[in-house]
Amino acid sequence: MNADCDVLVIGAGISGLTAGYQLARRGIGVEVIDAAARPGGVIGSERRDGVLYERGPNSILDTSPRINELLEDLGIRGERIDVSAIASKRFVVRGSVLIALPTSAPAFLTTPLFSGRAKLGLLREPFVAPAPPGSEESVAQFVVRRLGGEFLDYAIEPFVAGIYAGDPAQLSLPAAFPRLHALERRYGSLIKGQIFGARERATRKDKSKRMAASFSFREGMQTLTDALARGVGRIRTDTRAMSIRREQTGAIVVTVERGGETAERRARAVILAVPADRAAALIRDFAPDAARALDAIPYAAVASVASVYRRSDIAHPLDGFGLLAPRVEHRRILGTLFSSSMFDDRAAEGEVLLTTFVGGQRDPHLPSLPDADLARIVREELAALLGARGAPRFCAVTRWPRAIPQYTLGHLERIRRAEQVQTALPGLFLCASYRGGIAVGDCIQSGLQTAEAVEKHIKNPERGRLG
Ligand SMILES: Cc1cc2nc3c(=O)[nH]c(=O)nc-3n(C[C@H](O)[C@H](O)[C@H](O)COP(=O)(O)OP(=O)(O)OC[C@H]3O[C@@H](n4cnc5c(N)ncnc54)[C@H](O)[C@@H]3O)c2cc1C
């Protein structure tokens, strides 16, 4: 077969870069292309006016030893910085007041975040029957059934908004929170599952998302994607994939466009590491049903607003990770990270950096407001919730019209249909945040798994399919 490279990766976000890097270090000829001007996808760190802020994700959860092995391999383990101890508290807004989420049994018993009735209700959780096998509940249905409505409103809904920018009434429990789903299936109860599951994870050396440490890098999250891009070596930015086909020799041909000119790249395998709608457009001709399934995956729009205030202008001690605003509190923000409490050197001496998220499935129209309106909304909310006085010294707005894929009811079936593309065009692999988890750590794991499957395919084209 006449090919320009063994593997062409389309999309240089964390998913595609991880897969590409892993293949390159195994001696496979890889080329990565991306339509944007720089690699990294939604990961992007900006240093400006004495501020280091993130345009997209702010931290990674250290859930698997494979993540640290990757950092080690890339030579950036020493750049890693963990969230500082002061940021261990997470606040939830109730009645316009910030209340720390309880992290121990005594704190849970005394917290004003939940009523006495809601707390007592937890005693019945181990006796609630599991959902019938094969049924698909929404996250909201599951939580109300097992824990009660108040836990949905003041614990789960704000977290779902914080992670997915999503709505728990729409998200599928087995797709969006597979571990919670598995806990009920396996132990019949979340409380029992927490106790027994912790022992099993300890033997696997994996950590639950609840217990895992969060980290970033001295120069921000982009340290990771920059290092991966350097490791891949052959990477072309400003290069958009326009179409994909197989030619008679067996090579997969990708037509790419760069600076108004088109060219063809031939590869033995192609990894499609782009958002679902872009993947759908590229496979529609030869896998129309898979394309329809990908097109049906909704995305939440989010705006991220970085604000810098003088420390003395904020009444709250900012002694935590950040705050989450439940839907029932009717605020206009999803939540705010206390970025300069999480990590050192994010703002100048005597200043604080706050990163606020607006929009999501709750307020999908807000992220398209002009910058000045978004800045005003955030300023007003920070004044009400944190006692922020005056205007911030620095404010930067980043919009993500299609920020985060929503694993809504029916998602696993959509993914099963989308994966049929791998039968329609053997050698084509899907790898992106709409599949296998949206967190950066999940995308790293998906990238590593895809690399393994692609390597198998190259060595034996009949066996390398990723199920
Ligand atoms: C605002 C925000 C905050 C977040 N916060 C966190 C967090 O704190 N922690 C966490 O773990 N996760 C967080 N996430 C989620 C996580 O960052 C993402 O799920 C993950 O980075 C997605 O990576 P990806 O490689 O799958 O996709 P992307 O990063 O979207 O990369 C896809 C790439 O494909 C390219 N592309 C698209 N079409 C084409 C084409 N036709 N040809 C060539 N290239 C193409 C794009 O230019 C892009 O670079 C956040 C996400 C957002 C948006």
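Structure shown above.
Residues numbered from 1 in each chain as written. Predicted model: local features only at pLDDT ≥ 70, side-chain atom pairs only at ≥ 80, totals over all residues.

A. The overall build of the protein chain, seen in detail. Broken down by element type, the protein chain carries 17 helices and 19 strands. Here the C-alpha radius of gyration of the protein chain, 23 Å, is about what a compact globule of 467 residues would show, namely 23 Å. Along the three orthogonal principal directions, the C-alpha set of the protein chain runs to about 70 × 55 × 40 Å. For the protein chain, the proportion of its 467 residues judged to be buried stands at 47%. Contacts in the protein chain between residues at least 24 apart in sequence constitute 71% of all its contacts with a sequence separation of at least 6. (Helix = DSSP H or I, 4+ residues; strand = E, 2+ residues; numbered from the N terminus. Rg over C-alpha atoms; globule rule 2.2 N^0.38 Å. Buried ≥ 20, exposed ≤ 12 C-beta atoms within 10 Å, placed from the backbone. Contact = placed C-beta atoms within 7 Å.)

B. How the structure looks around the nonpolar core. The biggest cluster of nonpolar side chains holds 67 residues, and the ones touching the most others in it are Ile10, Val270, Ile271, Leu272 and Ala279. Both domains that furnish three or more residues to this core are identified here as domain 1 (5-42 + 220-297 + 407-459) and domain 2 (45-86 + 298-405). Each residue touching Ile271, except ones within four places of it in the same chain, is listed here: Val7, Val9, Ile10, Gly16, Ala19, Phe429, Cys431, Thr450 and Val454. In this structure, Val51, Ala306, Ile333 and Leu334 belong to the second largest nonpolar core, which totals 66 residues. (Core = buried A, V, L, I, M, F, W, Y, C linked by C-beta atoms within 7 Å. Domains from an automatic or database assignment.)

C. Seen up close, the site of the ligand. Residues in close proximity to the ligand total 37 residues, the closest being Gly11, Gly13, Ser15, Gly41 and Pro57. Elements with a contribution of two residues or more to the shell around the ligand: α1 (14-25), β11 (240-246), β14 (299-310), β18 (394-405) and α17 (440-459). A breakdown of the residues in the shell around the ligand according to their chemical character gives 23 nonpolar, 11 polar and 3 charged. Domain assignment of the residues forming the shell around the ligand places at least three in each of domain 1 (5-42 + 220-297 + 407-459) and domain 2 (45-86 + 298-405). (Near = placed C-beta within 6 Å. Nonpolar A, V, L, I, M, F, W, Y, C, P; charged D, E, K, R; others polar.)

D. Up close: α1. Between the first and last C-alpha of α1 there are 16 Å, a value that for 12 residues agrees with the 16 Å anticipated at 1.5 Å per step. A large share of α1 lies buried, amounting to 11 of its 12 residues. Listed in full, the buried residues belonging to α1 are Ile14, Ser15, Gly16, Leu17, Thr18, Ala19, Gly20, Tyr21, Gln22, Leu23 and Ala24. If you follow the buried residues of α1, they end up packed against β1 (5-10), β2 (30-33), α10 (222-232), β13 (261-272) and α17. Directly beyond the C-terminal end of α1, a positive phi value near 85 degrees is found at Gly27. (Expected span 1.5 Å × (residues − 1).)

E. Representation of helix α6 (residues 149-164) in the model. The largest bend in α6 amounts to roughly 40 degrees and is located at Ile156, with the proline Pro158 lying one to four residues further along. Taken across its 16 residues, α6 has 12 buried, putting it largely inside the fold. Turning to α6, its buried residues number three or more, namely Phe151, Leu152, Asp153, Tyr154, Ala155, Ile156, Glu157, Pro158, Val160, Ala161, Gly162 and Tyr164. Just downstream of α6 lies Ala165, where phi reads positive at about 55 degrees. (Bend = angle between axes of the 7 residues up to and from the residue.)

F. Looking closely at the environment of Glu455. Inspection of the secondary structure assignment puts Glu455 in helix α17. When the 19 C-beta atoms within 10 Å are taken as the criterion, Glu455 is described as partly exposed. Placed 80 residues apart in sequence, Glu455 and Ala375 show a C-alpha to C-alpha distance of 47 Å. For Glu455, the residues in contact, after removing those within four places along its chain, are Leu23, Arg26 and Ile28.

G. Fine view of the sheet that holds strand β5 (residues 60-61). Pairing is antiparallel across the open sheet formed by 3 strands, whose spatial order is β5-β9-β6. Because the sheet does not close on itself, it has two edges, and the strands there are β5 and β6 (80-82). Inspection of the sheet shows β5 paired to strand β9 (residues 214-217) by 2 bridges, in the antiparallel sense. Following the sheet pairing, Ile60 is matched in β9 by Phe215. (Pairing = 2+ DSSP bridges.)

H. Molecular detail of the sheet that holds strand β15 (residues 322-324). Taken in spatial order, the 7 strands make up an open sheet running β8-β7-β15-β16-β17-β14-β18, and their pairing is mixed. Of all strands in the sheet, those with a lone pairing partner are β8 (97-100) and β18, marking the two edges. Looking at each pair of strands side by side, their axes are set apart by 25 degrees on average, direction ignored. Relative to β15, α6 is tilted by about 115 degrees, and along the sheet it contacts β7 (90-94), β14, β15, β16 (335-337) and β18. (Axes fitted to C-alpha atoms, helices over the stretch in contact; angles between N-to-C directions.)

I. Just the environment of Val358, in detail. Within the secondary structure, Val358 is located in strand β17 (residues 351-359). Its 27 C-beta neighbours within 10 Å are what place Val358 among the buried residues. Sequence separation of Val358 and Ile235 is 123 residues, and the distance between their C-alpha atoms is 33 Å. Beyond its immediate stretch of four places on either side in the chain, Val358 contacts Ala303, Val305, Arg332, Ile333, Leu334, Leu366, Pro367, Leu374, Ile377 and Val378.

Such coordinate-based values are descriptive only and should not be taken to indicate function.
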